[in-house]
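# Understanding the architecture of this molecule
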Amino acid sequence: MNLLLVGSGGREHTLAWKLKQSPLCDQLFIAPGNAGTALCGTNLPIAVSDFDGLAAACLDNSIDMILVGPEDPLVKGIYDFFKNKKELAHIKLIGPSKEASQLEGSKAFAKAFMQRHNIPTAAYREFTSDKYLEGVEYIKAQSLPIVLKADGLAAGKGVLICQNHLEAMAEFELMLLRSKFGEAGKKVVIEEFLKGIELSLFVLTDGENYVLLPEAKDYKRIGEADAGLNTGGMGAVSPLPFVTDAFLQKVKETIIEPTIAGFKKDNLDYKGFVFIGLMNDNGDPKVIEYNCRMGDPETEVVIPRIKNDLVELLTATAGQKLSEIKIETDDRAVATVVAVSGGYPGDYEKGKVITGLDLTTLEDTIVFHSGTKNEGDEIVTNGGRVLAVTSFGENITEAVEQSNYMLDQLHFEGMYFRTDIGYEFKEASGS
Ligand code: AMP
Ligand code: GLY
């Protein structure tokens, strides 16, 4: 089978690495890919939202299946584009339809979906500019902190947690009346602040059945001990010690099953990954958000823990046969630590030469590329997040230490990584 993977980050290098291991994978293409995916298949210089370009490449390369990594093409309707064109309809595309992708593309859509299907989540109301004054009154009546969310995709910046009412009212005005987040903020969701420990759960569904993938926790802040600005994610770990069978059972019954049943009831065409951001409040799970794709850097720990053949999993997804699949997981702990460009998540420079990639290899460690590209004989930085170093260990501490050790062997100008990923799960390592 010939496969096309859409995307260019650490998530896509991990997926490419896993797809390439399958005996069912003949040729693997990645659009546009990075220097890491180039080690697993053929990169094609096509942007993720250039649907015509992707379609032409599929026909040229006899592609049988497409896996879409990032949310942008999904929310823009790549699934519907391929499904509705006669010459492309034979290609299986793994990812939800445009309408179903609204679960990530519109916070108000996701909240209404959860309310309709009785899925536990924070209490909320949504407001547009014509209801501005009503919104201000609503804010005044809420307890603190208050969470404001721009409805649409805002590159991960659209969620504000306000510690006082004045701040919340000022931000509300900026979003609704002064276009702080452009179109994405024309509607604002105001919601209750949820307490607890956050985690990410991943489900692969064929619209009828689902399989649960390993859980993960990502570390979003730039600084050690979760200080400083939000980033795309500085690291991730799996499994999580507090995710017990009883907790998972509760998540299945109250969240996952109603979600999959909700897709059917609402006629949402969904064959793909569902990323469920959860808050665990003393054993009670609530949904913070849905994403219509795998997470990054969570993929870099979740996928290496899955023993199943990924092409087989995706084929079962496309053929609505996931009920026949049992997920086998590696019991070891896995951690990924992300190396970023100096200045990230603010301004940063690209094009810095990365050294050490070909010098050191460690058993049980994989260096996934996020923002990298080939330039002549060298590999250079090409984004804020540059490398995601994944390691296996007896426990999370051991896995993180091994990734940190590996990162000490790698170098590019301005390189920075957090050394404390998984800090809450620290235990004395084996020695
Ligand atoms: P989102 O873009 O919805 O993932 O929100 C970004 C981050 O904001 C989440 O990962 C949480 O850490 C935080 N967050 C969002 N909604 C809430 C909430 N209702 N209560 C507490 N924290 C939240
Ligand atoms: N790591 C969070 C995300 O992928 O959205």
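See above for the structure.
Here is a short report on the structure shown in this document. All values derive from a computational prediction rather than experimental measurement.

### Section: the pattern of salt bridges
Applying the stated criterion across every chain yields a total of 28 salt bridges. With its nearest N and O atoms 3.5 Å apart, the salt bridge here joins Glu198 to Lys220. Placement of Glu198 in strand 10 (residues 197-205) and of Lys220 in the loop between strand 12 (217-218) and strand 13 (221-223) is noted, with a sequence separation of 22 residues between them. By relative accessible area, which is 37% here, Glu198 ends up partly exposed. Residue Glu208 is joined to Lys264 by a salt bridge in which the shortest nitrogen-to-oxygen separation is 2.8 Å. Placement of Glu208 in the loop between strand 10 and strand 11 (210-212) and of Lys264 in helix 9 (residues 245-265) is noted, with a sequence separation of 56 residues between them.

### Structural notes on the nonpolar core
As a rule of thumb, nonpolar side chains are buried together in soluble globular proteins. Membership of the largest hydrophobic core comes to 118 residues, with the highest contact counts inside it found for Leu4, Ile66, Phe82, Ile276 and Tyr290. Residues within four places of Ile66 in sequence aside, it is in contact with Leu4, Val6, Cys58, Phe82, Ile91, Lys92, Leu93 and Ile94. Listed in part, the 20 residues of the second largest apolar core include Val136, Ile146, Leu160 and Met169.

### Side note on the environment of Ile325
For Ile325, the position within the fold is in the loop between helix 11 (310-318) and strand 18 (333-340). Sequence separation of Ile325 and Pro345 is 20 residues, and the distance between their C-alpha atoms is 40 Å. The residues touching Ile325, leaving out its near neighbours within four places in the chain, are Val211, Asn308, Glu312, Leu313 and Ala316.

### Comments concerning helix 7 (residues 132-140)
Within helix 7, the full set of buried residues consists of Tyr132, Gly135, Val136, Tyr138 and Ile139. What you see down the axis of helix 7 is that its buried residues fit within an arc of 160°, all on one side. Packed against the buried residues of helix 7 are strand 6 (124-128), strand 7 (146-150), helix 8 (165-176) and strand 9 (187-192).

### Quick look at the packing of aromatic side chains
Scanning all chains against the criterion turns up 13 aromatic pairs. Geometrically, the ring pair formed by Phe113 and Phe263 is tilted, given 5.7 Å between the ring centres and 35° between the ring planes. Here the residue Phe113 occupies a position in helix 6 (residues 107-116), and Phe263 occupies one in helix 9, the gap between them amounting to 150 residues. Its relative accessible area of 0% is what places Phe113 among the buried residues. Three or more aromatic residues link up through ring pairs in this structure, and these residues are Phe113, Phe263, Tyr270 and Tyr290.

### A word on the sheet that holds strand 9
Pairing within the open sheet is antiparallel, and its four strands lie in the order 6-9-7-8. Since the sheet does not close on itself, it has two edges, and those belong to strand 6 and strand 8 (159-162), each with one partner. Geometrically, the sheet is characterised by an average inter-axis angle of 20° between neighbouring strands, direction not taken into account. With five bridges connecting them, strand 6 and strand 9 associate as antiparallel partners. If you follow Arg125 over to strand 9, its bridge partner there is Ile190. Its contacts with the sheet put helix 6 on strand 6, strand 7, strand 8 and strand 9, and the angle it makes with strand 9 is roughly 50°. Each of strand 6, strand 7, strand 8 and strand 9 is contacted by helix 8, which is oriented at about 10° to strand 7, the strand it contacts most.

### So, the site of ligand 1
The local shell around ligand 1 holds 15 residues, among which Glu191, Glu192, Leu194, Glu198 and Glu289 are the closest. Within the contact set of ligand 1, an oxygen atom lies 3.2 Å away from a side-chain nitrogen or oxygen of Lys107. Glu289 is positioned with one of its side-chain polar atoms (N or O) 2.7 Å from an oxygen atom of ligand 1. Summarising the interface, the protein chains cover 87% of the accessible area of ligand 1, which totals 480 Å² for the free molecule. Of all elements in the fold, only strand 7, strand 8, strand 9 and strand 17 (284-291) reach the threshold of two or more residues within the shell around ligand 1. Of the residues assigned to the shell around ligand 1, the class counts are eight nonpolar, no polar and seven charged.

Calculation notes
Residues numbered from 1 in each chain as written. Chains lettered and ligands numbered in written order. Predicted model: local features only at pLDDT ≥ 70, side-chain atom pairs only at ≥ 80, totals over all residues. Heavy atoms only, no water. Salt bridge = Lys/Arg side-chain N within 4 Å of Asp/Glu carboxyl O. Helix = DSSP H or I, 4+ residues; strand = E, 2+ residues; numbered from the N terminus. Buried < 20%, exposed > 50% of the residue type's maximum accessible area, 1.4 Å probe, protein only. Core = buried A, V, L, I, M, F, W, Y, C linked by side-chain atoms within 4.5 Å. Contact = heavy atoms within 4.5 Å. Arc of directions from axis to C-beta. Phe/Tyr/Trp six-rings, centres within 6.5 Å; stacked < 30°, edge-to-face > 60°. Pairing = 2+ DSSP bridges. Axes fitted to C-alpha atoms, helices over the stretch in contact; angles between N-to-C directions. Near = heavy atom within 4 Å. Polar contact = N/O pair within 3.5 Å; in protein donor to acceptor, adjacent residues only side chain to side chain. Areas by Shrake-Rupley, 256 points an atom, 1.4 Å probe, with all protein chains shown as cover. Nonpolar A, V, L, I, M, F, W, Y, C, P; charged D, E, K, R; others polar.

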